[in-house]
Structure formats: C-alpha cells, structure tokens
Number of protein chains: 2
Amino acid sequence: MVVKLVNKVYGIGVGPGDEELLTLKAVKILKKVDTIFVPISKKGKTSVAYNIVKNIVDDNKNIVELLFPMSKDKNYLKKHWNEAFNIIKNTDGEVAVITIGDPTLYSTFSYVWNYLKENNIPVEIINGIPSPFASAGRLNIPLVEGDENLVILPQGKDLEKYLGLFDTIVVMKTKRLGEKLKTLLDEEHKDNYLVGIVCRACCENEEIQIGKIDEIDFDKVNEYLSLAVIKRIKN
Amino acid sequence: MVVKLVNKVYGIGVGPGDEELLTLKAVKILKKVDTIFVPISKKGKTSVAYNIVKNIVDDNKNIVELLFPMSKDKNYLKKHWNEAFNIIKNTDGEVAVITIGDPTLYSTFSYVWNYLKENNIPVEIINGIPSPFASAGRLNIPLVEGDENLVILPQGKDLEKYLGLFDTIVVMKTKRLGEKLKTLLDEEHKDNYLVGIVCRACCENEEIQIGKIDEIDFDKVNEYLSLAVIKRIKN
C-alpha cells in the first residue's frame with residue numbers, strides 16, 4: 001500500500017471578490033496544483049472563495065470542500081479544523097487551499113495553518129488583496145498617509161478605547177456598529193470623523209456609503225462581508 | 001491649440017517587489033494606458049516601483065518620472081506634490097501612476113491623490129499586496145486570527161503605548177527599533193513576544209529574521225523597505 005501524504009500546501013488569498021484581483025502568482029499556482037481545497041461554512045452552501053476563481057480554474061482539477069462551520073463552541077470548531085487538516089494531509093503531492101481576502105488576515109486558512117506547521121508540512125503563502133485595502137480603494141480614500149496610524153479590529157468591541165487614539169480604524173464586522181458609533185460620535189464629535197461602509201467590496205452587488213455618521217443609513221448595511229473605515233478628519 | 005487634460009488616473013499598487021504579485025487587473029491597466037508615471041525619490045535614481053513592472057510593460061509606453069523627494073520640510077514637499085499633480089493633469093487621456101505596495105497604505109500616490117480629487121479628476125484605485133501582509137506570509141505566521149486586533153504604525157514612536165493593547169503590531173520602519181524594543185521587552189516580557197523582521201519582502205535580496213527579541217540581530221537589519229511584526233504569544 002502506498003501511503004499518500006501531502007508535499008506542500010499553498011495558502012492562496014483570492015482577494016475580496018473580483019477574479020481580476022487575483023495575483024499572477026495565485027493564477028499560476030491554481031493552474032499547477034491538482035487539488036484545490038475550498039472552504040464552505042455549511043454543507044450544501046457554495047464557497048465564496050471558489051466562486052471568485054471558478055472561471056480561471058481548469059475543469060480537470062480536483063475540487064475538495066473543507067467544512068469550516070461558524071460556531072462559538074471552541075471544541076466543535078477544533079474538531080472540524082482537525083478534520084480539515086487530516087483531509088489535506090492525506091492528499092498526494094502539492095495542493096492549494098484558497099481563502100477570501102488574504103491568508104494572514106482573519107482567514108479560514110489560519111485554522112489549518114497552525115496544524116500544518118506543527119506537523120512540519122511545508123506551507124507557502126500566496127497573498128491576496130485584503131478587504132480593508134480593497135474597501136478603501138472603492139471609497140476613494142487612503143487608509144493612512146504620512147505619520148498616521150491604523151487599527152484593524154475584528155468587531156466593534158472596545159471601539160471607545162481606540163477611537164481617540166488612532167487616525168484610522170477599520171472594523172471588520174458591522175453588526176450593531178451603527179448604534180455604537182452613533183453613541184460614540186455624539187454632537188461634539190460627529191463632524192470630526194468620516195465613516196465609510198463597504199459591503200462585498202469589488203463584487204457585482206457591492207454597496208458603498210461614505211459620509212459623516214448622520215449620513216450613513218445603517219439599516220441598508222448588509223452585515224455579511226461588510227466593513228467600516230472610520231477616519232479622523234484633520235483640519 | 002488643443003488643451004490636453006487627463007481623463008482618468010489609475011493609482012496602481014505594484015506590491016512589495018515581485019512582478020508575480022501584480023494583480024491581473026494591474027497588468028491589464030498597465031497594458032491599456034499610454035502613459036505610466038513612476039515615482040523616484042531623487043533625480044538619477046531608479047524607481048523601485050518601475051523595476052517591479054518593467055518586464056511586463058510594453059516598449060511603446062510613455063514612462064514619465066515624478067519626483068517625490070524625502071524631506072521634513074512640508075512646503076518643499078508640497079511644491080513637489082503640486083508639480084507632480086500638474087504633470088499628470090496636463091497629460092492626455094487615461095494614465096497610470098504606480099506605487100510600491102498598495103496605494104491606500106503610506107503610498108507616494110496619496111500625495112497626488114488629494115489634488116486629483118480636489119480637481120474632480122476621476123481616480124480608480126487598483127490595489128496591490130501591502131507589505132505587512134507579504135511580510136507575514138514570508139514569516140509564515142498569520143497577522144491576526146479570530147478575535148485578535150492589529151495596529152500598523154509608521155514608525156516605532158509611541159510603541160510603549162500600544163504594546164500591551166494589541167495582539168499584533170506592525171512597525172513600518174525599523175530605524176532605531178532594536179534599542180527601543182529591547183528596552184520595552186525586558187526580562188519580564190521578552191518571552192511573551194515573537195518578533196519578525198522582513199527587509200525587502202519578496203525581492204531577490206530579501207532578508208528575514210524571526211524569534212524572541214534576544215534572537216534578532218538588529219545590526220543586520222537593512223533599514224530601507226523593512227518592517228517589524230511584533231506578536232504577543234498566547235499560552
């Protein structure tokens with residue numbers, strides 16, 4: 001019996017949603033490997049990452065879904081991460097695991113990355129365009145210039161701690177962010193900040209809002225794949 | 001006399017240093033436009049950004065240098081930014097301005113971007129791979145996972161204020177960072193942080209160091225195009 005074991009794993013970022021935002025290197029590796037692992041959050045659901053690359057991936061590729069469920073139960077998550085790792089490990093040759101955005105920024109890939117490293121399996125990261133940068137581009141504003149500083153937060157938690165300290169704050173999930181921001185940016189502060197909201201940056205159904213806090217309609221913000229850029233206005 | 005005036009400006013990020021990290025869209029636009037503006041820091045110096053794309057740019061392109069000198073004199077800088085803006089403005093048709101990394105993160109493009117917007121000249125941002133993400137990829141570590149937070153600082157200033165607050169800190173310039181970090185990460189704290197240094201990420205002469213603060217040889221860190229990733233170790 002021949003034991004199959006993976007030789008090398010490419011963690012490929014496919015960017016925020018437009019296949020044209022793939023790098024030349026990502027395309028090259030996707031054409032080279034035989035097996036491409038695609039993350040799904042639920043059985044039967046299509047993979048957002050796979051949708052981005054499907055037109056450039058050849059028909060003869062072995063496309064294998066990896067289930068990364070959303071849950072707050074750490075043990076349940078770990079069970080699935082370990083399962084995903086075992087599926088990858090037991091695949092022959094060089095393989096790719098794709099992830100939306102960039103593999104180093106809140107990616108599904110990081111869940112198996114740690115297991116791969118612990119097992120001395122070679123990993124090569126192929127970066128993708130991270131969504132905060134794609135969103136700033138679509139908002140037509142720089143995130144930071146000169147001596148400004150930037151914070152990226154996974155959600156609005158502790159926003160009050162950071163708002164005064166930083167020039168630009170990116171909040172990756174906009175859930176309940178509207179109420180929170182409206183409380184923080186009261187009469188005294190609301191004109192000092194520019195707020196940009198981008199849902200599904202660079203996708204066909206992208207939605208963009210930018211303005212002072214009073215001008216943002218948070219009811220229209222789709223909470224999935226959306227983020228906020230909060231920028232201090234300088235005089 | 002026909003007055004020439006630019007129709008549209010593409011601000012293109014060319015990534016950290018490897019032409020394969022260009023996006024498909026960046027390549028498409030570079031092939032489409034007649035004029036490509038390339039930033040230089042000094043007359044007679046080659047453009048780092050142009051070096052990244054030169055093999056994929058056709059010979060018939062009009063390559064125009066824009067001088068963005070390094071200086072602390074704001075008026076002197078503004079004079080050059082304004083000159084660069086005027087050169088772009090008075091060019092016919094659609095043009096590209098290239099910048100290393102990403103146009104939204106400490107880029108030379110942001111200097112003219114503001115002038116272009118004030119003059120209602122259409123701008124389209126084509127993102128590139130930002131160097132902190134390329135560097136994390138080369139260090140083989142995620143920048144942030146799960147509920148971690150990230151701060152990006154233009155230099156080591158105020159590092160002591162942020163070190164306890166964030167899971168991951170990226171410092172974009174490593175000048176004098178060694179002494180500062182060694183003072184901050186004293187006996188009590190030095191084992192709680194992982195320090196990664198990347199010089200010229202993804203370039204041929206890339207240099208990488210990763211380890212506890214004691215294991216980093218800061219004398220070997222080339223200060224140009226280098227950054228530090230400082231990560232709190234979780235138990």
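On a predicted model such as this, the values are computed, not experimentally measured, just so you know.

Participant: How should the relation of the copies chain A and chain B be read in this particular structure?
Facilitator: Copy one and copy two of the chain differ by a rotation about an axis and a translation along that axis. Taken as rigid bodies, chain A and chain B are interconverted by a rotation of 180° and an axial shift of 0.0 Å, the fit giving an RMSD of 0.0 Å. Here the transformation between the copies is reduced to the relation of a two-fold axis. The share of interface residues of chain A whose copies in chain B are also at the interface is 100%, consistent with both copies meeting through the same surface.

Participant: Quick question: what am I supposed to make of the UniProt feature "domain: Tetrapyrrole methylase" (unreviewed entry) in chain A here?
Facilitator: When the UniProt feature table is mapped onto this chain, "domain: Tetrapyrrole methylase" (unreviewed entry) is found at residues 8–216 of chain A. Measuring from the first to the last C-alpha atom of residues 8–216 of chain A gives 46 Å, for a span that is 30% helix and 23% strand.

Participant: I'm lost on the sheet that holds strand β10 (residues 226–232) of chain B in this one. Help?
Facilitator: The strands making up a sheet associate through hydrogen bonds between their backbones, and the pairing can be parallel or antiparallel. Taken in spatial order, the 10 strands line up as β9(A)-β8(A)-β10(A)-β7(A)-β6(A)-β6(B)-β7(B)-β10(B)-β8(B)-β9(B) in an open sheet, and their pairing is mixed. Strand pairing shows two members of the sheet lacking a second neighbour, β9 (207–211) of chain A together with β9 (207–211) of chain B, which therefore form its edges. Between one strand axis and the next, the sheet turns through 10° on average, direction left out of account. Strand direction decides the pairing type here: strand β6 (residues 150–153) of chain A and strand β7 (residues 168–171) of chain A, joined by four bridges, are parallel. Along β7(A), the bridge assignment pairs A:L153 with A:V171.

Participant: Looking at this structure, I do not really get the interface of chain A and chain B. What am I missing?
Facilitator: Many authors give the size of an interface as the accessible area that is lost as the parts come together. Counting residues at the interface gives 48 residues for chain A and 48 residues for chain B. In terms of surface lost to chain B, no three residues of chain A exceed A:E20, A:L24 and A:F133, which account for 15% of the buried area on that side. Our count for the chain A to chain B interface comes out at two salt bridges. Put simply, B:E20 and A:K28 hold a salt bridge, and the shortest N to O gap is 2.9 Å. Taken together, the connections running from chain A to chain B amount to 28 residue pairs in polar contact (both at pLDDT 80 or more). Of all the secondary structure elements, the ones that give two or more residues to the side of chain A that touches chain B are α1 (24–32), α4 (109–118), β5 (123–126), α5 (131–139), β6 and α6 (159–162) of chain A. Bridge count for β6(A) against strand β6 (residues 150–153) of chain B is three bridges, and the pairing is antiparallel.

Thresholds applied
Residues numbered from 1 in each chain as written. Chains lettered and ligands numbered in written order. Predicted model: local features only at pLDDT ≥ 70, side-chain atom pairs only at ≥ 80, totals over all residues. Heavy atoms only, no water. Least-squares fit on C-alpha atoms with pLDDT ≥ 70 in both. Contact = heavy atoms within 4.5 Å. UniProt positions renumbered as here; feature names shortened; annotations may be inferred. Helix = DSSP H or I, 4+ residues; strand = E, 2+ residues; numbered from the N terminus. Pairing = 2+ DSSP bridges. Axes fitted to C-alpha atoms, helices over the stretch in contact; angles between N-to-C directions. Buried area = accessible area lost by both parts, 1.4 Å probe. Salt bridge = Lys/Arg side-chain N within 4 Å of Asp/Glu carboxyl O. Polar contact = N/O pair within 3.5 Å; in protein donor to acceptor, adjacent residues only side chain to side chain.

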